Structure formats: structure tokens, C-alpha cells
Amino acid sequence: MTASLKTKTIHALSWSFIETIGLQGTHFIIGVILARLLLPEQFGLIAMLSIFMAVAQSLLDSGFGSALIQKQDITQTDLSSVFYFNILIGIAAAGLLSISAPYIATFYNQPELIALTRAMSLIIVINSFSLIQYTLAAKNLNFKTITKVSVLSNVISGIIGISMAYNGFGVWSLVSQQISRSFLSAILLWIFNSWRPSLSFSIKSLKNMFGYGSRMLASGLLNQIFNNLHLLVIGRIFTAASLGFFTRAKSLSELPAQSITSMVGRVTFPVFSSIQDDIPRIKNGMKKALTTLALITFPIMIGLAVTARPVVLLLFTDKWAESIPYVRLLSIIGMLYPLHVINLNILQALGRSDLFFRLEVIKKILIVINIAVTWRWGIMAMIYGMLVISIISYYFNSYYNKFMIKYSFTEQLFDLLPYIIISSIMGLSV
């Protein structure tokens, strides 16, 4: 790397690390307190809305956020056009959610979801005002601002949620926490970021980014729908409490790997995009990112898998004991998460959103097959299926990088093998 890019990358990684520790640390502590104060079925009710909120958020981004990061020469007109477009989409998506609320409640047979859905739809409108501010900070590797915003909004909203839960507001304490977090994030991003929209809107500008952005939108929609499809099926077939146990296990098992991977992934995408014409540097950077993540996440995830029982009982008390076997399996799945992200980051950075989308379609078909085959045997069978799908998906995600940057699936496994062996020995010892 050039000295300037290397310095900016290290600086961005440092602040991304601080944000991850601060944000996920406070998020974890807040989650533990809320889990002790609330019931599994109350978490289950919010989880039932996950797929609808995720789809609405993907529509809000419309793929233009990634397009702005990937594009080398963005203009004020580009930014303003996307800004106003996001607000229109945010209002439309929130309105559609509110209209659909009775049907969502009927689907789950949970009348309380009508009011909950309409309240949660406010988050989409709020987020539409801050998407450009966040995108610019990420593109410029300004993770210092993102860190301050994330930690402050998370702490204040967490205090609001805990206070409401302590005073008996039940599931509404979770709703208030999420709404207040989005609102505070939007306000702080506008305070800390100097960019302001101009009175310009260009359809041509949107069209120029639509080729890349539309495929990223389609990929994002597929990803969000199918990543949350298990929640939809569990919430529909089983009870709200069962969904609460699954989501708590999923949240705990995803915390280490996704936090660390997010810290690196948010930096590597803009960095790889900035050197997209230098394939040897991209390959070298990917190899460093992949092995560094494996060094950290593999032992953590295997450690969590073997200590799941004492961890769950200590943190969340006996009322969450049913989630213990879920934590064990989901932790093994979590080991593969950084491998997926880094491989897909390369495709995005090189502008191959077409290949990205193709991979998403293939993987989502596998997810549907898994659910169709395993649901009748219960939640554990579905998770075993998720593990198989995750392994197959890693092969698919790395396939095109064999040709694009000469870093094949086999070569990646060879680089990762020492970390797999050492982490497995540690797990067996524990």
C-alpha cells in the first residue's frame, strides 16, 4: 500500500475497533439486562417483525449506498439525488408496513403486532435522513465519527429501554429502545458531518448508479429476506417463546464473529474499492484480512460453543436454558461468517455486483431447500441444515475470486488450516 492509504486504513481500523468494542460491549450489557427483565416471548414478538424491517431497510438503501462507496468520482448532485430518493423510499416503505400491519398480525396470530409494526415503521423514515451521512463517513474512512455516533446513541437508547422494562412496559421497552437509537443516530450524524443536500435532483445521476446499485439492492433484498426466513418460519409454526430462545441464541453466537468481521469489513470494502485496479495488492490485502479474522474469531467461536451452558445460565438465568443447544451449533456457523464477508467484499469492490447477485440467488435456493426439508423435525434440525448450507456457501462465495484475484477456495483453506487446527485443540482441551 502507499503510505497515505496504509495510514488511513490503520486509522480507520483503529476507530472501527473502538466502535466495535464500545458499541457491541454496551449492546451486550444492555441485552443481558433486558433479557433478565423481560420474557422470551416478548423478544419473540420483536423477532417476528425482523424480516419485514430488514426488507424495508434494504429498500431504503436501494443499493445506492454501496454504489456511492464504489464510485470513484461522486458529485454533490449524486449525493443530493440519492438523499431525496431515500426519503421518498423511506416514507413509502413505512407506509406499506403500516398498511400491512393487520395482515402481519393475522399471519402470526398475534394481535399485538398491529401496533408494534406501525411503531417500528418509524425507524425506516428516521433512517432515510441519515443514510447519506453514514455512507460518506464510511467512504472517507471516517470511523471516528461513526464510533462517537454509534456508542452515544446505543448507550442513551439502552438506558431508555432498561428504564421502561424495569417499570413494566414489557415489549414496548424494546420498541422504544430501537426507535430512540435510530433517532439519536440520525441527529448525531447530522451534527458531526458537514455535508448538506443541495436543491438538486438528477434522474440521470441515479440512472448512472442504478446498474451497480440495482444488483446490490436485489442482492440485499434476497439476503435480508432469506437470512430472516428462519425467524418467519419459527414464529409461524412454533411459539413466540421458541422464537425468543432462537433469537437470543442467534444474537449471542453472532456477537463475537459479526462484530469483529464488521469492524474489518466496513474498512476493507472502501479500501479494496480504492485499489480495484491493482489485483496483486487486493489479493495480499484479502489474505491478511482473512487470516487475521481467523486468528481472532475461530478460537472465540469454538470457545463459546463448548462453554455455552455456563455462559447462558450465568448471563441470562435459567429461564433461557432452552437456548443452550442452539448457541452451540450457531457458534460453529459463526466461524464461517468472516470468510463469507471478505470474499463478497472483493466482488463488490471490483464492481461485480452481477456475480454478487448470482451467488445470492444460488445460496437462497439452498436456504429454501433446507427449511423445506428440516422444519418438520424442529428447530435443531433447521440449525444443522444451516451449518451445511454455510459450508457450501463459503465454497460458492470464494469461487469467482479464483479467477478474479487468483485466490482460490483451496488456497484459502490452506492458509486457514493452522488456525482451524489450533482452535480445535483449544476447544477439545476446554
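Above this note sits the structure.
In what follows, the accompanying structure is described. Everything numeric in this text was worked out from a predicted model, so none of it was measured.

At Thr 317, a residue that is not glycine, the phi angle is positive and equals roughly 75 degrees. Along the chain, Thr 317 turns up in the loop between α15 (308–316) and α16 (324–335).

With that settled, consider the packing of aromatic side chains. Scanning the model with the defined rule gives 14 aromatic pairs in all. With a centroid separation of 5.6 Å and 75 degrees between ring planes, the pair formed by Phe 43 and Trp 320 is classed as edge-to-face. One end of the pair, Phe 43, is in helix α2 (residues 40–48); the other, Trp 320, is in the loop between α15 and α16, and 277 residues separate them in sequence. Assigned by exposure class, Phe 43 and Trp 320 land together as buried. Judged by centre distance (5.4 Å) and plane angle (70 degrees), the ring pair of Tyr 399 and Phe 403 falls under edge-to-face.

Helix length check: α16, at 12 residues, gives a terminal C-alpha distance of 17 Å against a target of 16 Å (1.5 Å per residue), a fit within 8%. Burial analysis of α16 places 9 of its 12 residues in the buried class, the great majority of the element. For α16, the complete set of buried residues consists of Ile 324, Tyr 326, Val 327, Leu 329, Leu 330, Ser 331, Ile 333, Gly 334 and Met 335.

Take the pattern of salt bridges next. Should their charged atoms come close, side chains of opposite charge can pair. A full pass over the atoms with the stated rule returns 6 salt bridges. We note a salt bridge from Glu 254 to Lys 250, for which the minimum N-O separation is 2.8 Å. Here Lys 250 and Glu 254 lie together in helix α13 (residues 240–274), a separation of 4 residues that amounts to about one turn. When its relative accessible area of 25% is taken as the criterion, Glu 254 is described as partly exposed. For Lys 250, a relative accessible area of 19% translates into the label buried. A salt bridge links Glu 411 to Lys 287; the shortest N-O distance between them is 3.6 Å. Remark: Lys 287 occurs in helix α14 (residues 279–306) and Glu 411 occurs in helix α21 (residues 409–429); sequence separation between them is 124 residues. Given the relative accessible area of 25%, Glu 411 is considered partly exposed. Several salt bridges share partner residues, and in doing so they unite Lys 283, Lys 287, Glu 411 and Asp 415 into one network.

Calculation rules
Residues numbered from 1 in each chain as written. Predicted model: local features only at pLDDT ≥ 70, side-chain atom pairs only at ≥ 80, totals over all residues. Heavy atoms only, no water. Helix = DSSP H or I, 4+ residues; strand = E, 2+ residues; numbered from the N terminus. Phe/Tyr/Trp six-rings, centres within 6.5 Å; stacked < 30°, edge-to-face > 60°. Buried < 20%, exposed > 50% of the residue type's maximum accessible area, 1.4 Å probe, protein only. Expected span 1.5 Å × (residues − 1). Salt bridge = Lys/Arg side-chain N within 4 Å of Asp/Glu carboxyl O.

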